[in-house]
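Here is how the chains run, residue by residue.
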Amino acid sequence: MKIMCMARSVTVAAAVAAMSFSSLLNAGVTDQDILNDAKTTGDIVSYGLGTQGQRYSPLKIVNDKNVQSLSPIWSFSFGGEKQRGQESQPLIKDGVMYVTASYSRIYAVDIASGEELWEYDARLPDGIMPCCDVVNRGAALYGNLVIFGTLDAKLVALDIETGKPVWRKTVGDYQAGYSMTAAPLIVKGMVITGVSGGEFGIVGKVEARDAKTGEMVWSRPTVEGHMGYLRGKENGITGGKAGKTWPGDMWKTGGAATWLGGTYDPEVDLLFFGTGNPAPWNSHLRPGDNLYSSSRLAIDPDTGKIVWHFQTTPHDGWDFDGVNELVSFNYKQGGKTIQAAATADRNGFFYVLDRTNGKFIRGLPFVKKMTWAKGLNKDGSPIFDEAMRPGNPADTGADGKKGKSVFAVPSFLGGKNWMPMAYSQDTGYFYVPSNEWGMDIWNEPVNYKKGAAYLGAGFTIRPVFEDHIGSLKAIDPVSGTVKWEFQNPAPLWGGVLATAGNLVFMGNPEGYLMAFDAKTGKVLYKFNTGSGIVSSPITWDKDGEQYVTIVSGWGGAIPLWGGEVAARTKELNQGGSVWTFKIPKAN
Amino acid sequence: MGILRATLLLPTLCLLAVFTVVNTAQARKYDDVIQSKYIEFAVYRDFPPYSFLKDGKPAGIDVDIGKRIASDMGVEARWLWLTADENLDDDLRNAVWKGSVVDRKVADVMLRVPYDREYAYAQDGYGLPRNDMVVMSSPYHKESWKLVRDINKTRKVRNLAIFQYQPIGVEIDSLPDFFLVGTLQGRLRENVHHYPTVFAAISDLKAGKLSAVAGMRSQLEWGLPNRSENLDIDDDGLESLGRKSWDIGIAIKDSYRQLGYAVDGVIVTMVKNGDMEKIFSSYGVSYEQPSMYDVAAE
């Protein structure tokens with residue numbers, strides 16, 4: 001049953017009337033608004049607080065001196081019986097907050113009162129099995145549209161005033177395993193998206209559509225051998241031709257899903273998208289680098305051509321997706337400005353690249369223990385420890401015994417997972433939400449799939465340390481050193497925000513919104529939101545006051561995995577609410 | 001509940017959908033099943049010859065078995081169409097004891113569940129039971145991996161060496177896929193062709209583009225009705241495959257064993273009196289009894 005119905009488009013008449021009036025004065029969100037987003041503190045019109053993804057705000061009304069007085073002014077509940085993980089970063093425009101929630105829902109909320117203006121609840125097809133949980137990470141704004149991806153791999157554009165659909169496009173076939181959880185990116189009037197789908201048979205892609213109409217502009221598959229398209233015409237095969245780094249016909253189903261979306265840097269005019277692990281999962285079946293899996297791709301936004309790539313985990317065997325965000329930043333060295341970009345990979349390495357050409361500048365492990373690699377070569381490629389590569393299924397005999405088990409650190413959930421880091425233009429540090437955990441992994445012959453005998457992988461995730469898994473680290477990308485660390489008992493699964501007030505904000509699964517001294521890592525403030533936080537905070541100002549907003553609602557991938565990690569999180573309750581804070585005015 | 005479910009189809013009444021969550025199907029005890037006059041089976045979606053839609057109506061071997069169980073219990077058969085997840089652990093969670101993350105519906109009985117003591121009692125990496133929320137019982141079929149060869153092409157070669165030179169098709173992410181790609185130090189790798197379903201591979205075999213296809217016996221036979229003599233189904237070459245055959249039974253939630261016994265009674269009768277074999281034959285598929293009956297026959 002593919003009926004899509006707008007289950008609820010509840011409108012508060014008066015509020016809508018007010019909004020309609022205000023929108024007459026505004027032409028909606030423009031490309032210029034998006035390019036300036038990092039500097040305009042009164043609104044947030046892009047995921048990442050600017051397309052470079054720095055998550056830095058120049059606001060300092062709230063700062064290290066007064067943050068202790070930060071107080072909630074309203075809380076908004078998503079309601080319903082659907083909770084699970086709330087990973088959304090809200091957007092702010094013209095007095096309205098646009099925030100997505102689990103199960104493909106989106107809400108417009110009055111930022112002054114926390115009252116709901118409208119809600120859109122994408123009706124999902126019967127029997128849908130979203131590959132990657134039921135989360136959503138946020139929306140995009142363009143013109144008078146708010147655009148977000150749904151679990152059935154559709155892109156939906158709604159009228160920002162009414163919440164009614166204006167256009168809807170299918171990005172992938174959910175029955176083939178595609179889904180969509182990332183926030184779309186708007187560049188040059190185009191909405192640019194990746195696609196989720198970690199399983200067999202899919203191939204990742206980056207696509208650009210006209211943001212006003214949803215019409216396709218270009219499509220770029222992320223696996224070598226697949227044809228790209230520009231305005232309906234063939235536009236070159238990804239990687240030149242098939243079979244260079246894949247055996248047999250495996251490139252046809254090579255994986256490399258672009259499930260976390262991307263960033264854009266206007267200085268070098270490039271899109272940066274990361275790609276997931278290659279398929280099939282077991283690396284022994286596909287000798288070769290398997291391009292462009294587990295990579296960062298720089299793509300020309302006008303043509304959809306790949307300009308450069310940097311592969312963090314060639315021939316991946318640990319499920320180290322390379323999707324984590326690549327954040328553009330500049331630094332000075334020897335009187336020269338270096339146009340750099342940094343990323344903290346699942347595989348535990350922090351990389352600084354030259355964003356003009358993808359060349360490796362430096363790297364360091366940002367987790368304390370690492371077993372799969374012994375370090376990085378001069379070109380940034382890993383020095384593998386082959387003893388730590390999970391076993392070959394061919395060595396799993398007919399005796400039904402499990403194959404060799406290895407303890408690989410980090411685990412496939414990553415030294416850092418999806419949760420975005422922040423970069424402070426004041427301290428020059430990256431604030432990286434990381435986790436210290438490994439996995440036992442082996443071939444599991446006693447397994448079945450769809451009524452058939454199967455050879456799966458068995459794994460258990462184990463913390464590396466007794467007292468903490470989560471670790472927020474301040475990393476100096478120029479000296480390549482860790483400046484401070486905050487240890488958290490539960491794994492960290494939410495994004496980070498840095499501000500000019502010498503503050504770093506992030507939430508933890510224990511439910512606290514926390515503010516840290518950006519220079520020292522000292523906890524200056526915390527407030528319990530009532531459910532675990534796995535989302536990315538934002539800050540903005542209005543009428544001389546600075547506000548901080550974070551979405552609360554425990555879930556995401558961590559509760560899906562049992563054992564020792566679950567033991568550290570089992571007391572955490574689900575939820576679904578938006579909290580907004582400010583410093584109360586003195587009477 | 002039926003009325004509320006019907007409203008799901010009406011966009012204008014979607015507000016009500018919110019309230020149907022509390023009314024979604026639960027796995028139920030025997031008395032509730034009998035009283036309600038229906039029993040709900042979880043079967044895999046679009047999975048011939050076991051369970052699929054034919055002219056919009058449920059059909060297939062497992063569907064016929066479910067109908068027979070329902071009729072012997074004096075109730076109506078209903079269907080929960082299950083999209084296969086990554087592995088059986090996930091399917092049991094989605095179909096039998098918890099429901100999927102989206103709609104939280106579960107069925108009373110799941111069909112086509114491998115019956116394997118080693119699996120049923122398997123532990124996870126922490127030494128905890130992997131599937132303690134379900135009971136797997138009542139084996140009704142033995143399924144196996146086979147190769148169908150076009151012997152006009154493979155001639156007299158009965159081992160895998162020929163596939164260093166000739167193409168062989170598999171369903172992607174199946175055990176024969178991993179086996180053929182990995183075996184013989186990967187020497188067959190370049191000639192293993194991957195398909196979304198085994199039936200897509202079979203059509204390329206029929207079109208002469210492949211020399212062989214590896215897959216489940218029932219699916220190969222279903223996909224090649226009235227096949228010509230050059231298409232030979234056998235297991236030559238699969239000797240070192242990790243698991244060549246396995247039994248298939250049912251699963252119910254661990255707290256509803258009485259229902260399981262009632263279903264088991266019907267299944268045992270069907271296996272013994274030959275009705276089970278008749279269902280398989282009606283789909284042109286060979287029937288092999290589960291191992292339990294090999295012992296019983298001695």
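Residues numbered from 1 in each chain as written. Chains lettered and ligands numbered in written order. Predicted model: local features only at pLDDT ≥ 70, side-chain atom pairs only at ≥ 80, totals over all residues. Heavy atoms only, no water.

### Thoughts on the side chain of B:Asp232
All names here are of chain B.
Phase 1: Among the secondary structure elements, Asp232 is positioned in strand 10 (residues 231-234).
Phase 2: Among the polar contacts listed, one links the side chain of Asp232 to the side chain of Arg158, at a separation of 2.8 Å.
Phase 3: Excluding anything up to four places from it in sequence, Asp232 contacts Leu147, Val148, Arg149, Ile151 and Arg158. (Helix = DSSP H or I, 4+ residues; strand = E, 2+ residues; numbered from the N terminus. Polar contact = N/O pair within 3.5 Å; in protein donor to acceptor, adjacent residues only side chain to side chain. Contact = heavy atoms within 4.5 Å.)

### A word on the domain arrangement of chain B
Residues and elements named next belong to chain B.
Phase 1: When the domains of chain B are assigned, the result is domain 1 (27-142 + 247-297) and domain 2 (143-234).
Phase 2: Distance between the C-alpha centres of domain 1 and domain 2: 29 Å.
Phase 3: Residue-level contacts link 14 residues of domain 1 with nine residues of domain 2.
Phase 4: Both faces combined, the contact of domain 1 with domain 2 buries some 950 Å², and carbon together with sulfur accounts for 53% of it.
Phase 5: For the domain 1 face of the interface with domain 2, the top three residues by lost area are Pro48, Tyr50 and Ser286, together amounting to 37%.
Phase 6: The tally of links between domain 1 and domain 2 comes to one salt bridge.
Phase 7: Note that Arg217 and Glu288 form a salt bridge whose closest N and O atoms lie 3.2 Å from each other.
Phase 8: At the junction of domain 1 and domain 2, the tally comes to five residue pairs in polar contact (both at pLDDT 80 or more).
Phase 9: Grouping the amino acids of the side of domain 1 that touches domain 2 by side-chain chemistry returns eight nonpolar, three polar and three charged. (Domains from an automatic or database assignment. Buried area = accessible area lost by both parts, 1.4 Å probe. Salt bridge = Lys/Arg side-chain N within 4 Å of Asp/Glu carboxyl O. Nonpolar A, V, L, I, M, F, W, Y, C, P; charged D, E, K, R; others polar.)

### Quick word on the nonpolar core
Soluble, globular proteins show a tendency: their nonpolar side chains are buried together.
Phase 1: A:Phe350 and A:Phe505 are the most contacted members of the largest nonpolar core, which has 124 residues in total.
Phase 2: Leave out the neighbours within four places in its chain, and A:Phe350 touches A:Ala342, A:Thr343, A:Ala344, A:Arg362, A:Gly363, A:Leu364, A:Phe366, A:Met421, A:Phe430, A:Val432, A:Ile475 and A:Pro477.
Phase 3: Within the second largest apolar cluster, 85 residues are counted, among which are A:Ala452, B:Val33, B:Tyr44 and B:Leu259. (Core = buried A, V, L, I, M, F, W, Y, C linked by side-chain atoms within 4.5 Å. Buried < 20%, exposed > 50% of the residue type's maximum accessible area, 1.4 Å probe, protein only.)

### Describing the pairing of strand 13 (residues 205-210) of chain A
Phase 1: Counting buried positions along strand 13 of chain A yields five of six residues, so the element is predominantly enclosed.
Phase 2: Between strand 13 of chain A and strand 14 (residues 216-221) of chain A, which pair antiparallel one after the other, the connecting turn spans five residues, and A:Gly214 there sits at a positive phi close to 85°. (Pairing = 2+ DSSP bridges.)

### Quick look at the pattern of salt bridges
Should their charged atoms come close, side chains of opposite charge can pair.
Phase 1: In this structure the tally under the stated criterion is 45 salt bridges over all chains.
Phase 2: Between A:Asp269 and A:Lys188 there is a salt bridge whose closest N-O contact spans 3.0 Å. In this pair, A:Asp269 is assigned in the loop between strand 17 (262-265) and strand 18 (270-274) and A:Lys188 in the loop between strand 11 (185-187) and strand 12 (190-193), connecting sequence segments 81 residues apart.
Phase 3: Two residues, B:Glu118 and B:Arg243, come together in a salt bridge whose shortest N-O distance is 3.8 Å. Within this pair, whereas B:Glu118 is found in helix 6 (residues 117-120), its partner B:Arg243 is found in the loop between strand 10 and strand 11 (245-253), the two being separated by 125 residues in sequence.
Phase 4: Using a relative accessible area of 18% as the deciding quantity, one classes B:Arg243 as buried.
Phase 5: Through salt bridges with shared partners, a single ionic network connects B:Arg68, B:Asp72, B:Asp275 and B:Lys278.

### Regarding unusual backbone geometry
All names here are of chain A.
Phase 1: Here the bond from Ala279 into Pro280 is cis, since omega is 0°, no more than 30 degrees from zero.
Phase 2: In this structure, Pro280 sits in the loop between strand 18 and strand 19 (295-299).
Phase 3: Residue Pro410 is bonded to the preceding Val409 through a cis peptide linkage, with omega at 0°.
Phase 4: Here Pro410 lies in the loop between strand 27 (406-408) and strand 28 (422-423).

### Some points on the packing of aromatic side chains
All names here are of chain A.
Phase 1: All told, the structure shown has 40 aromatic pairs over all chains when counted by the stated rule.
Phase 2: A centroid spacing of 5.8 Å and a plane angle of 15° characterise the contact between Trp318 and Phe384, whose relative ring orientation is stacked. Within this pair, whereas Trp318 is found in the loop between strand 20 (306-311) and strand 21 (327-333), its partner Phe384 is found in strand 26 (residues 382-384), the two being separated by 66 residues in sequence.
Phase 3: Judged by relative accessible area, Trp318 falls into the buried class, the value being 0%.
Phase 4: An angle of 25° between the planes, with centres 5.8 Å apart, marks the rings of Phe329 and Tyr331 as stacked.
Phase 5: Take Tyr331: its relative accessible area is 7%, and that puts it in the buried class.
Phase 6: In textbook terms, an aromatic cluster arises when at least three aromatic residues are bridged by ring pairs, as seen for Phe310, Trp318, Phe320, Phe349, Tyr351, Phe360, Trp372 and Phe384.
Phase 7: Between the NZ or CZ atom of Lys368 and the centre of the ring of Phe465, over which it lies, the distance is 5.6 Å. (Phe/Tyr/Trp six-rings, centres within 6.5 Å; stacked < 30°, edge-to-face > 60°. Lys NZ or Arg CZ within 6 Å of the ring centre and 35° of its normal.)

### A closer look at the sheet that holds strand 4 (residues 96-101) of chain A
Strands pair in a sheet through their backbones, by hydrogen bonds, and they do so in one of two ways: parallel or antiparallel.
All names here are of chain A.
Phase 1: Pairing within the open sheet is antiparallel, and its four strands lie in the order 3-4-5-6. The sheet is open, and its two edges are formed by strand 3 (91-93) and strand 6 (116-121), each paired on a single side. Across the sheet, the mean angle separating the axes of adjacent strands is 15° when strand polarity is ignored.
Phase 2: Pairing of strand 4 with strand 5 (residues 105-110) involves six bridges; the strand directions are antiparallel. Residue pairing across strands places Ala101 opposite Arg105, the latter belonging to strand 5. (Axes fitted to C-alpha atoms, helices over the stretch in contact; angles between N-to-C directions.)

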